[in-house]
Every structure is written in C-alpha cells, then in structure tokens.
Amino acid sequence: MNTLRRLIPSHLRFLLSVHIILMAIFSLFRYIMLVYNRPTYFFDMERSLTIWQAFKIGFGFDIAIASYAMLLPYVALTYLYFTKQSLARMEKYIRIYCGVVIVVCLVICAADVPYFRYFNARLNVSTIHLKNLGQVAEFISKEVKYYPVLALFAVGLWGMGRVMMRLWNQAWKYENVNSVRQKLTATFTASLLLSFGLWGGGAPKKPDMKSATFSNDGFINLLTLNPVHTWFDSYFEFDINVCSNGEARKTVQQALGVKAGTLADTLISPILKERTFKGAPRKMNVVLILMESMSADRMGLFGSTDQLTPGLDRLARNSVLFDQCYSSGIHTNCGIYSSVYGMPAVMMYHPMLNGVSEKTPFSGLPVTLKSAGYRTRFFCSHPKTFDNLDIFLEKNGFDKITDQNDYKPEEIANAWGVGDETQMARALTELDSMAVSDKEHPFFATVLTITTHPPYTLPANTKFVPKQTDPIKITYEYADWAISNFMDSCATKEWYDETIFVLVGDHGVNLSSYVNDVPLSYNHIPLIIHAPGIFKKPEVRSGLASQTDIYPTVMGLLQQNYVQNTMGYDLFREKRPYAFFSQDFRMCTIDDEYLYVARKSGKESVYAYRSPNPVDILDQYPWVADSMKLFACSHYKTAQWMIGKKLVGPVVAQ
C-alpha cells in the first residue's frame, strides 16, 4: 500500500478521494430519492430491471458531474506538479474549492428530495432567487420541524471539514520523487481517466437528459437525473424557437382573433384587441381568491372521496364552474402573474423577478380597473417583499398590499405568516370598510391563501375542528372552512350582490397518481365564478380555460369597454382551442383529448390522457404534436418578445 501511495502522485490521490466522496453522495441520494419519493403505483409490477437501468444511466451523470467538478483543481495541481512549485496559497484555495464543491453538492442533493416530492421535478432555479434567499432562510429558521435537519447539516458540515483536512494531510504524507517519465505516465493515465469521466464513464454515448428518458414511467426517467446537473442546466433557457418572431406573432393573432386594420397594426403591440359592449358598464366589485395548491383533484366535485372541500363544492354547485381550467405554472408567482395580469408564465422563469419584468409596466385587472375608478388591494400572509410582490404589484395597479407586517405578533401562525381564517377576516373587514366608505368607487381585491403550503401547520388558537388525521388533508379542510366562512360572511353584506367573486387555484399539487412524468393534478385547478347579481342559475362549463382568461372574462362580465393587451379569452364569448402550461422542465399543451409534452431534454410525447393507462402515441399522431407545439411556443415566444420590447403595458383606445 505504501509503495502504491508513492507511485501515485499526491495530488491525484487527493482528487481521487474527493471524486469518490462526490460519487458516494450522488449514489446515496439517488437511493434516498427512490425510497422516499416512489409513487403509490410503483410496486404494482416488477421494476427491478428499469430501476437498475436508471441507476446505470444515473451513474453516467454522476461520474460526469464529479469529473467536471475536479477538472479545475486537476489542471492547477498538475501545473504545480510539473513545475515543482509549492504555492501554499494556491493549494489552500484548491482545498477550499474542493470542500465547497462537496458541501454544495450535498446541499443540492438534500434539498432535491423534498423539492421533488412537492414539485415532481428535480431541483432547479425557478423558485429560488437572491432576493428570496434571506426570507427563505428566515422561514426555515422559524420552523421547529426543520431543526433536526439543520442540526444534521451542521454536524455534516463540521464532519466534512474534518474529512477534507485528513484527506489533504494523508495525500501529502509521502513525498513524490518521480522521474519525468513517471510524471508523464501518471498524468497521461489520469487525463485519460478524467476524459472518460467527463464523457460519463466512457459509455458509448455521453449521458444527456434526452437519453435519460428511456422508460414510459415518468418517475424512473426522473430518477436517472443528477440534481446538480439539473440545477445548473436550469440556468439555460427552455428552447421555444420553433418559428421566427414574426411567424409566432401571426399564430397568436390568429388564435386570439386579432384582425387586420385594428389597433394591432399600429405596432404598439401585436395582440391589441379593442373590447366594446352594448350594455351599460356594471359598477361591481371584484374579489379574486387565489387558493394555494388547490388542485381540482382535491375537490369532491372532481372525484375526491376525502370530503376535504364541502364548502367549495357547495359554492361551485351554486356558481359557474369551469371544470377544465389549467394553471399557467406550478409556482405561486406564476399563478399570481397569469391570473391577475393575463400573460403566460414561461418554463423555469420567474415572471415577476427576472431583471426585466419588474422594470416593465403591465396591463391586467388592477391596472385596467384602477383606470376605471376602482380601488385596489392585495392580501398575502407573508412579507410582501417575497417574490418581489411589493415592487411588481404596487407598480402595476395595486394601491396597497396587506402583508405579515400588518398583523400582531400573536396572530402569526407559522413561518409563512398568518393562517387563512385570520387573513380572510382581515380582508373582510377592509373590504367592508371600503364598500361602506365610498359606494361610488368599487374595489378590486386579490386574496392569496397559504395554509395548504408546507409546513402544513394550523394556527394555534383556531376554532376549526378537523375530521381528517393526515396533516396535509387537515390543511385542505381548514382552507375550505376559512374560505366558506368568508363567503358566508360576505353574503350578509349589502355589497354582496354587487360583487363578482372569482376563486381559482394558484396551481395544483403532485398527487403521484400519474404513470407518466406529467401529473395533471399539478395544473388542473378549479375556476369558480360566483356572481349572485348576474347569474340566476348555476352552470358547469366544460370548455378549456386558463388563468390568463380571468382578466378578459371578468371585464366581459363588467361590460367595461377596454383594450385587451393580454393572451386570454373571454370564456363566455369565445372558445379556447388549447390550454398550455409549464411544469418547469416540461412544456405542456392540452385539448379535450390529447396532452402534448415537450421536455427540456428534447424528448416529446403525446398522450390520450383520458385513458386509464396513457402511453406515448407521438409516432401515431405527429400532426397533433406539431399543432400543439406551434400554438404553445408561439404564445411563449411572443410573450417574451413583448416583454423585451416593453409592449405589455396598458393601451387606451384612440
């Protein structure tokens, strides 16, 4: 052993040790991912071979990532090896670099496990921004449930530092006295092995996200991926360049019914559409309730047998229900952006915090209604600085944001602020005061609920009595109870009949009930419009709907003339041909029969999603994929082009 140590240069022994540590971390967490996040259907059949194949492909990813991580110190230490220089500062930096690499990989792999469980996607940058990091750390630090994890991380960090010191000292325990020939031989061999590692272990094909999609099982395909790879890959944009900007704009204009010879020809914006109504405008209030993680699959009306939403089910039966509505994305910021401002949220892209959008004026409900004399409010439970709400919303139409700082310390329920009942009570008080103080100017309010978001804890002093025992299901019972109480209280107010209530999920939730990698429960959401002063009987409308349709639909109910500069449909007057949405690494388009999926890896699929066990039928229906892909990509591309040109703001008819 000592002879072997003397033959292998010290810097190679050190780098090999670090490489092995990284491989061990990746392999361990892939196994944890399998055990912790396997879906409920997973053991319905034998999957040993596919699991083995997933780990085999995953090994290629792991060895490539570990090799890329070691490339820089390998080059630096090899230079020192041949020049016989002993630069203490350089060696110190290399040791620190390797330690940081191990810690970063450990953190990403650890965070990836719960992230996957909630988002059905490997860890990426779509929900994490420098502006949010401080608040996220504060949220975590306030939750007792996270303390054991934080303690384990601290111990692991300390232990990793000790290991790194030991590795460094052991590697240089024996002095290297090598001839030039020995140096060349060792360096050539190491370079060859490193090249194999960079290629993914010398496999016939270098591992990539497309080759990882080898199975019809979505979980198996995602299991192959390395979270460090997906994290850094998410910094690169999703490819939506299936056509030119001009062709994309023409496709969108045709889809939205924007005709030649109208405002769109002025080049102010390619999607301008002047909306005029025959009847007199209705001076009605508008209350938009964005329900956190409210998947349609959680409601009894959509087939759930858990009886979590008796209040929402009752409300939907006495309202207009759109049963084929889809969220724009799988994050709350996407739900706010699309529901309030009528634009689609692009894959892996924070729509309100991206360096461009926060500096750009937008159109949408608060902007248009404010210009018509409305007073506007936004209610959230957490600090308004999170997700850039303070800057984006206040710049685009909202007079005031009520947030965590407006509540007493004893009212704070958990790391995300107050519970739904406290927030709903505050919203009711403020809205009632607005209605009483000024009957000439209606109000528009958006209320964002929170309790159905992790860590799934109820307020300490709530009067709510759950029937369920599962903590997650209890929060849905609670949210339904709080919303129902709010609606019942509103019904006692004079302004109730003069108000349009819109209730919609900000996004759904991963219920692990889908065999492919696109759980529709994550985007299929309820859309309920309750307007007792307009609708005389309830109705279920089965046409496709999107959060981007809320703006033109509400404006149509108000019969308020305006110029639409968003990508939505008035659901009572127009028919949407497709709905499209983002699931981070996946772009999806859906109609009444088919679901098209384009993955960032380049893998495309078509599913007849209503069948009990949908399989990929892309080869049989390529024209379906072409049509759906062109529709979605044209809208995304045009939206991005308009934002870049600052053409998404309000426009007044000439």
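Details of the structure are given in the entry above.
Student: How should the overall build of the chain be read in this particular structure?
Tutor: When helices and strands are tallied, the chain shows 19 helices and 16 strands. Here the chain, with 654 residues, has 56% of them falling under the buried criterion. Within the chain, contacts between residues at least 6 apart in sequence are counted, and of these 75% link residues at least 24 apart. Only carbon and sulfur atoms are counted for the fraction: they give 59% of the accessible area of the chain, which is about 28,800 Å².

Student: What should I look at first to understand unusual backbone geometry in this one?
Tutor: Trans is the common state for peptide bonds, and a negative phi is the common state for residues other than glycine. Residue Pro455 follows Pro454 across a cis peptide bond; omega there is 20 degrees. With respect to the secondary-structure elements, Pro455 resides in the loop between strand E8 (443-448) and helix H17 (471-490). Here the phi dihedral of Gln307 falls at roughly 55 degrees; this positive angle occurs in a residue that is not glycine. Here Gln307 shows up in the loop between strand E2 (285-291) and helix H12 (310-317). Positive phi, close to 60 degrees, is recorded for Asp387, a residue that is not glycine. Given a relative accessible area of 8%, Asp387 falls into the buried group.

Student: Even after reading the chapter, I still don't get the nonpolar core, so can you show me in this structure?
Tutor: Side chains that are nonpolar tend, in soluble globular proteins, to be buried together. Judged by nonpolar contacts, the single largest core of 88 residues is most densely connected at Leu22, Phe26, Leu431, Phe486, Phe501 and Leu503. Filtering out sequence-adjacent residues up to four positions away, Phe26 remains in contact with Asp62, Ile65, Ala66, Cys105, Cys109, Asn226 and Val228. Of all hydrophobic cores here, the second largest spans 77 residues; its members include Val346, Tyr569, Met628 and Met642.

Student: Would you mind going over the sheet that holds strand E10 (residues 524-530) with me for this structure?
Tutor: Strands pair in a sheet through their backbones, by hydrogen bonds, and they do so in one of two ways: parallel or antiparallel. Strand order in the open sheet made by the eight strands is E5-E4-E8-E2-E9-E10-E3-E11, with mixed pairing throughout. What marks the edges here is a single partner per strand, and that holds for strand E5 (400-402) and strand E11 (539-546). This sheet shows a mean twist of 15 degrees between the axes of neighbouring strands, independent of strand direction. Strand direction decides the pairing type here: strand E4 (residues 375-379) and E5, joined by three bridges, are parallel. Among the inter-strand pairings, Arg377 is bridged to a residue of E5, identified as Lys400.

Student: Even after reading the chapter, I still don't get the sheet that holds strand E16 (residues 604-607), so can you show me in this structure?
Tutor: With antiparallel pairing, the four strands of this open sheet are ordered in space as E13-E14-E15-E16. The outermost strands of the open sheet, each flanked by one partner alone, are strand E13 (579-582) and E16. Mean inter-strand twist for the sheet, computed between neighbouring axes without regard to direction, equals 15 degrees. Sheet strands touched by helix H19 (residues 622-644): E13, strand E14 (586-590), strand E15 (595-599) and E16. Its angle to E14, the strand with the most contacts, is close to 115 degrees.

Student: Sorry if this is basic, but what is going on with the pairing of E14 here?
Tutor: Across a regular strand the side chains alternate sides, sitting on one face of the sheet and then on the other. Judged by how many residues are buried, E14 sits mostly within the fold: five of five residues are covered. The side-chain alternation of E14 yields two buried faces, one formed by Arg586, Cys588 and Ile590 and the other by Met587 and Thr589. As judged from the four bridges shared by E13 and E14, these two strands associate in the antiparallel manner. Across the sheet, Ser582 pairs through a bridge with Met587, a residue of E14. Between the end of E13 and the start of E14, which pair antiparallel, lie three residues, with Asp584 showing a positive phi angle near 60 degrees. Bridging between E14 and E15 involves five bridges; their strand directions are antiparallel.

Student: Honestly, the packing of aromatic side chains in this entry has me stumped. Any pointers?
Tutor: Each aromatic ring pair is characterised by the separation of its centres together with the angle its planes make. Taken as a whole and assessed by the stated rule, the structure comprises 23 aromatic pairs. Arranged with centres 5.3 Å apart and planes meeting at 90 degrees, the rings of Tyr341 and Phe392 form a pair that is edge-to-face. Residue Tyr341 is located in helix H13 (residues 332-341), and its partner Phe392 is located in helix H15 (residues 389-395); the two are separated by 51 residues in the primary sequence. Given a relative accessible area of 0%, Tyr341 falls into the buried group. Under the relative-accessibility criterion, Phe392 is labelled buried at 0%. An aromatic cluster of at least three residues, connected via ring pairs, comprises Tyr337, Tyr341, Phe362 and Phe392. The ring of Tyr476 carries Arg298 above its face, with NZ or CZ at 4.4 Å from the centroid. A cation over a ring is seen here: Arg426 above Tyr407, with NZ or CZ 5.4 Å from the ring centre.

Student: Explain the pattern of salt bridges to me, please; I cannot follow it from the model alone.
Tutor: Once their charged atoms are close, side chains differing in charge can pair, the charge on each being opposite to the other. In total, this model carries 17 salt bridges according to the counting rule given. Arg576 is paired through a salt bridge with Asp549; the nearest N and O atoms lie 2.7 Å apart. Here Arg576 is found in the loop between strand E12 (562-564) and E13, whereas its partner Asp549 is found in the loop between E11 and helix H18 (550-558), with 27 residues between them in sequence. Each member of the pair, Arg576 as well as Asp549, carries the same accessibility label: buried.

Student: It is not clear to me how the packing of helix H16 (residues 420-437) against H17 should be interpreted in this structure. Could you clarify?
Tutor: Describing two packed helices takes the angle between their axes plus the distance from one axis to the other. In the contact formed by H16 and H17, the axes pass within 9 Å of each other and the chain directions differ by 15 degrees. Considering the angle they form, H16 stands roughly parallel to H17. You can see that H16 and H17 cross each other, and the crossing is right-handed. Contacts between H16 and H17 involve Asp420, Glu421, Met424, Ala427, Leu428 and Leu431 on the former and, on the latter, Tyr478, Ala479, Trp481, Ala482, Ile483, Phe486, Ser489 and Cys490. Per-class residue counts for the contact of H16 with H17 are eleven nonpolar, one polar and two charged.

Student: Before we go on, may I ask you to explain the pairing of E10 in this structure?
Tutor: Among the seven residues that make up E10, seven are buried, leaving the element largely enclosed by the rest of the structure. Here strand E3 (residues 320-326) runs beside E10; their pairing, made up of five bridges, is antiparallel. Bridge pairing links Tyr326 to His524 in E10. Relative to E10, strand E9 (residues 499-505) runs antiparallel, the two sharing four bridges. Counterpart to Val504 in the pairing with E10 is Leu527.

About the criteria used
Residues numbered from 1 in each chain as written. Predicted model: local features only at pLDDT ≥ 70, side-chain atom pairs only at ≥ 80, totals over all residues. Heavy atoms only, no water. Helix = DSSP H or I, 4+ residues; strand = E, 2+ residues; numbered from the N terminus. Buried < 20%, exposed > 50% of the residue type's maximum accessible area, 1.4 Å probe, protein only. Contact = heavy atoms within 4.5 Å. Areas by Shrake-Rupley, 256 points an atom, 1.4 Å probe, with all protein chains shown as cover. Core = buried A, V, L, I, M, F, W, Y, C linked by side-chain atoms within 4.5 Å. Pairing = 2+ DSSP bridges. Axes fitted to C-alpha atoms, helices over the stretch in contact; angles between N-to-C directions. Phe/Tyr/Trp six-rings, centres within 6.5 Å; stacked < 30°, edge-to-face > 60°. Lys NZ or Arg CZ within 6 Å of the ring centre and 35° of its normal. Salt bridge = Lys/Arg side-chain N within 4 Å of Asp/Glu carboxyl O. Parallel < 35°, antiparallel > 145°, perpendicular 65-115°, else oblique. Left-handed = near helix turned anticlockwise from the far one by under 90°. Nonpolar A, V, L, I, M, F, W, Y, C, P; charged D, E, K, R; others polar.

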